[in-house]
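# Residue-level structure breakdown
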Amino acid sequence: MIQKLLFTLAFIFSFGHSFGQNWDMQTGILFQPSRQELPNTNLNGLYISSNYSFTQFNHFTLFGGLEFQGNSWANHLLVNTGIKYPFFQKDNWLFDTQLSIGNGMALFQPTLLYSHSSKILFFANYMTKKENHWGI
């Protein structure tokens with residue numbers, strides 16, 4: 001029983017995306033490409049973010065929010081802004097993308113450091129109810 005719970009929580013924190021009306025919540029794993037001769041990737045950390053959609057235009061939506069990110073060298077607290085763009089919708093499925101830029105702080109002691117992030121995310125979302133979506 002505990003193994004199923006741990007697997008479910010690990011899966012949600014690896015690929016989670018949930019949103020309704022104007023708010024969304026995302027969790028994810030950060031991978032870092034290797035610069036060695038053999039191509040591979042390394043697990044570099046986790047992030048969790050929450051965003052609010054401000055304005056919806058004909059083809060895209062502006063959003064902003066907060067993100068906490070932990071990676072191999074620090075924990076970061078970021079303020080994000082970005083756009084969402086829907087590609088395709090059929091029945092209960094919605095495919096969209098997000099482009100975001102974040103500015104914030106790396107939480108070092110005794111002095112904080114400036115930190116930034118940029119992300120391009122692609123989502124496949126399944127709508128369970130009107131205005132409620134789950135995706136990866």
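Sequence positions are assigned chain by chain, starting from 1 and proceeding in written order. It should be noted that, the model being predicted, local features are given only for residues of pLDDT at least 70 and side-chain atom pairs only at 80 or more, the latter also being counted only at that level, while totals for whole chains, interfaces and linings use all residues. Side-chain figures throughout are based on the complete set of non-hydrogen atoms in the structure, without hydrogens or water.

## What to know about the packing of aromatic side chains
Between the rings of Phe, Tyr and Trp (Trp by its six-membered ring), a pair exists once the centres lie within 6.5 Å; its type follows the angle of the planes, with under 30 degrees stacked, over 60 edge-to-face, and the other angles tilted. Under the defined criterion, the tally for this structure stands at 7 aromatic pairs. Every member of this aromatic cluster is reached through a ring pair, and the members are Trp23, Tyr52 and Phe54. Whether a charge sits over a ring comes down to the Lys NZ or Arg CZ being within 6 Å of the ring centre and within 35 degrees of the ring normal. Over the ring of Phe63 we find Lys84, and its NZ or CZ is 5.5 Å from the ring centre. The aromatic ring of Tyr47 is capped on one face by Lys119, whose charged end is 4.1 Å from the ring centroid.

## Details of empty space enclosed by the protein
Definitions used for this entry: grid spacing 1 Å over protein atoms alone; cavity, a set of points where a 1.4 Å probe fits but cannot get out; pocket, an open set with protein on both sides within 12 Å along at least 5 of 7 lines; lining residue, one with an atom within 4 Å of a point. Grid points are joined across faces, edges and corners, and a volume is the space filled by probe spheres set on the points. The full count for this structure, using the stated rule, is 1 cavity of 30 Å³ or more. Of the volumes computed, that of the largest cavity is approximately 30 Å³. Lining the largest cavity, in full, are Gln26, Ser49, Asn51, Phe63, Glu67, Asn80, Gln98, Ser100, Lys119 and Leu121. Of all the secondary-structure elements, those providing two or more residues to the lining of the largest cavity are strand S3 (41-56), strand S4 (61-71), strand S6 (93-106) and strand S7 (113-129). For this scheme, ten residues count as nonpolar: Ala, Val, Leu, Ile, Met, Phe, Trp, Tyr, Cys and Pro. Four count as charged, namely Asp, Glu, Lys and Arg, and the remainder, Gly too, count as polar. A breakdown of the residues in the lining of the largest cavity according to their chemical character gives 2 nonpolar, 6 polar and 2 charged. Helix and strand definitions here come from DSSP, where helices need a minimum of 4 consecutive H or I residues and strands a minimum of 2 consecutive E residues; each element is numbered from the N-terminal end.

## Remarks on the pairing of S6
One face of the sheet, then the other: side chains in a regular strand alternate in exactly this way. Bridge analysis of strand S5 (residues 75-90) against S6 gives 14 bridges, and the strand direction is antiparallel. By the bridge assignment for S6, Thr81 is matched with Ile101. Only strands that DSSP links by at least two bridges are regarded as paired with each other. Hairpin remark: S5 followed by S6, antiparallel, with 2 residues in the connecting loop; positive phi at Asp91, about 55°.

## A word on the side chain of Gln69
Within the secondary structure, Gln69 is located in strand S4. Polar contacts here mean pairs of N or O atoms no more than 3.5 Å apart (in protein, one a potential hydrogen donor and the other a potential acceptor; neighbouring residues in sequence count only if both atoms are side-chain atoms). A polar side-chain atom of Gln69 sits 2.8 Å from a polar atom in the side chain of Glu67. Contacts: residue pairs with any heavy atoms within 4.5 Å of one another. Not counting the four nearest positions on each side in its chain, Gln69 is found in contact with Leu30, Leu46, Tyr47, Ala74, Asn75, His76, Leu78 and Ser117.

## Here we look at the environment of Glu67
Take Glu67: it is sitting in strand S4. Sequence-wise, Glu67 and Ser49 are 18 residues apart; in three dimensions their C-alpha atoms are separated by 4.1 Å. At 2.6 Å, the side chain of Glu67 forms a polar contact with the side chain of Lys119.

## Digging into the pattern of salt bridges
When the charged atoms of two side chains with opposite charge come close together, those side chains can pair. Whenever a carboxyl oxygen of Asp or Glu lies within 4 Å of a side-chain nitrogen of Lys or Arg, that contact is scored as a salt bridge. Using the criterion set out here, one finds 2 salt bridges in the structure. The partner of Asp24 in a salt bridge is Lys84, with the nearest N and O atoms 3.1 Å apart. One end of the pair, Asp24, is in strand S2 (residues 23-33); the other, Lys84, is in strand S5, with 60 residues separating them in the sequence. For the pair formed by Asp24 and Lys84, the shared burial category is buried. With a shortest N-O distance of 2.6 Å, Glu67 and Lys119 are connected by a salt bridge. Here Glu67 is found in strand S4, whereas its partner Lys119 is found in strand S7, with 52 residues between them in sequence. Relative accessibility under 20% of the residue-type maximum defines a buried residue, over 50% an exposed one, and the middle range a partly exposed one, all with a 1.4 Å probe and only protein chains included. Overall, the relative accessible area of 1% leaves Glu67 in the buried class. According to the relative accessible area criterion, Lys119 is buried, its value standing at 12%.

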